[in-house]
Amino acid sequence: MTPVRVRVSGRNARFQQWEALLRNRTKRQRRGEFLVQGVRPITMAIEHGWQIRELLHDADGPLSGWARQALDTVPAEKFAVSRELMHELGGKADTVPELLAVVALPADDLRRIPAGPTMLTVVFDRPTSPGNIGTLIRSADAFGASGVIVTGHAADVYDPKAVRASTGSLFALPVVRVPAHQSVLSWVADVRGVGVGLGIVGADERGALAAAEYDFTQPTLTLIGNETTGLSVGWRAACDHLVRVPMSGAASSLNAAAAATVVLYESARQRSAAARR
């Protein structure tokens, strides 16, 4: 195994930095990194070429082949951390993680999202729940989206709850944070300027079209509004169309991430059917 450079067994300054990455959004931004928990998220981060700055492992227990391989092959600073401290950083009351990773934050640059005739990008405007962000990212990955954009004053994409809820999909597709919708619309204009007919479609319970009535085989920017207030005035004005998810039960609306999942599934269904023709 690659020699361990540092052993951490007390709540020293290094441990406090790791703890801050879990709990403090400002510290994550200032340091430009976040803490990743879980076998699949860490594996996905490694496989998709994210910059792993530090790997922490349980100093007091046997390691699996997966953990040993990561420690041997990933070019990162290695730390042997006491089991008690790993438990505190792991985020679960009943288990101690064998490995944790400190990962560099990527640039919030819309050019990371590939533009082209097959693009399907999702905008989540002002989400307040990290879990909803992670769930939407997971659905976007599952149904072939080319990227996710989070706009406005929103929960943090790199909050541990969002990272866990994405089950690793955060590392598989571009996710970009943008302060205001105007910057996204400027990017849309640039995309359209190179010949991509990108349509803007908002999900709204009062939309004129059912989701199945809209042609999602064309390049599409799909908008999902805030969990409570829906689409902002600015985004609503930018939409070419509003689509709804038809419902027949007693529920008046769907959770934002659930609504996004339904619309993404419909997008994937239409594109799959078109590819078979």
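Counting restarts for each chain: residues are numbered from 1 in the order of the written sequence. The model is predicted, so local features are restricted to residues of pLDDT at least 70 and side-chain atom pairs to those at 80 or more, both for listing and for counting; the totals for chains, interfaces and linings are taken over all residues. With hydrogens and water stripped out, all remaining heavy atoms of the structure feed into the side-chain values.

Caption draft 1: Inspection of the overall build of the chain at higher detail. Looking only at helices and strands, the chain has 10 helices and 12 strands in total. Here the globule rule reads 2.2 Å times residues to the power 0.38, and the radius of gyration is calculated from C-alpha atoms. Taken over C-alpha atoms, the radius of gyration comes to 21 Å for the chain, in line with the 19 Å a tight globule of 277 residues would show. Projected onto the principal axes, the alpha-carbon positions of the chain cover approximately 60 × 40 × 35 Å. Here the term buried applies to any residue with accessible area under 20% of the maximum for its type, exposed to any over 50%, and partly exposed to those in between, with areas from a 1.4 Å probe on protein chains only. Burial status across the chain gives 51% buried among its 277 residues. Throughout, a contact is declared for two residues whenever any of their heavy atoms are within 4.5 Å. Taking all contacts inside the chain whose residues are at least 6 apart in sequence as the whole, residues at least 24 apart take part in 74%. Shrake-Rupley sampling with a 1.4 Å probe provides the accessible areas, and residues are treated as covered by the protein chains on show and by no other component. For the chain, the exposed surface amounts to about 12700 Å²; the carbon and sulfur share of it is 51%. The charge count treats Lys and Arg as positive and Asp and Glu as negative. His and the chain ends do not count. Each charge is placed at NZ for Lys, CZ for Arg, CG for Asp and CD for Glu. For the chain, the separation between the mean place of its 31 positive charges and that of its 26 negative charges on side chains is 1 Å. Numbered from the N terminus, helices here are DSSP runs of H or I no shorter than four residues, and strands are runs of E no shorter than two.

Caption draft 2: Local environment of the sheet that holds strand E4 (residues 77-81). The mixed open sheet is built from five strands, whose spatial order is E1-E4-E3-E5-E2. Two strands in the sheet have a free side with no partner beyond their single neighbour: strand E1 (6-8) and strand E2 (33-37). On average, each strand axis in the sheet is tilted by 25° relative to the strand beside it, whichever way the strands run. Strand pairing requires that DSSP identify at least two bridges connecting the strands. Sheet topology note: the strand E3 (residues 52-58)/E4 ladder contains five bridges and is parallel. Think of each axis as a best-fit line through the C-alpha atoms, taken over the contacting stretch in the case of a helix, with angles from 0 to 180 degrees between the N-to-C directions.

Caption draft 3: How the structure looks around the pairing of strand E6 (residues 120-125). In terms of burial, E6 is a largely internal element, six of the six residues being buried. Neither face of E6 is left uncovered, since the one carrying Leu120, Val122 and Phe124 and the one carrying Thr121, Val123 and Asp125 both have all their residues buried. Strand direction decides the pairing type here: E6 and strand E11 (residues 220-224), joined by five bridges, are parallel. Opposite Val123, over in E11, you have Leu223 as the bridge partner.

As far as function goes, none of this settles anything; it's purely spatial.
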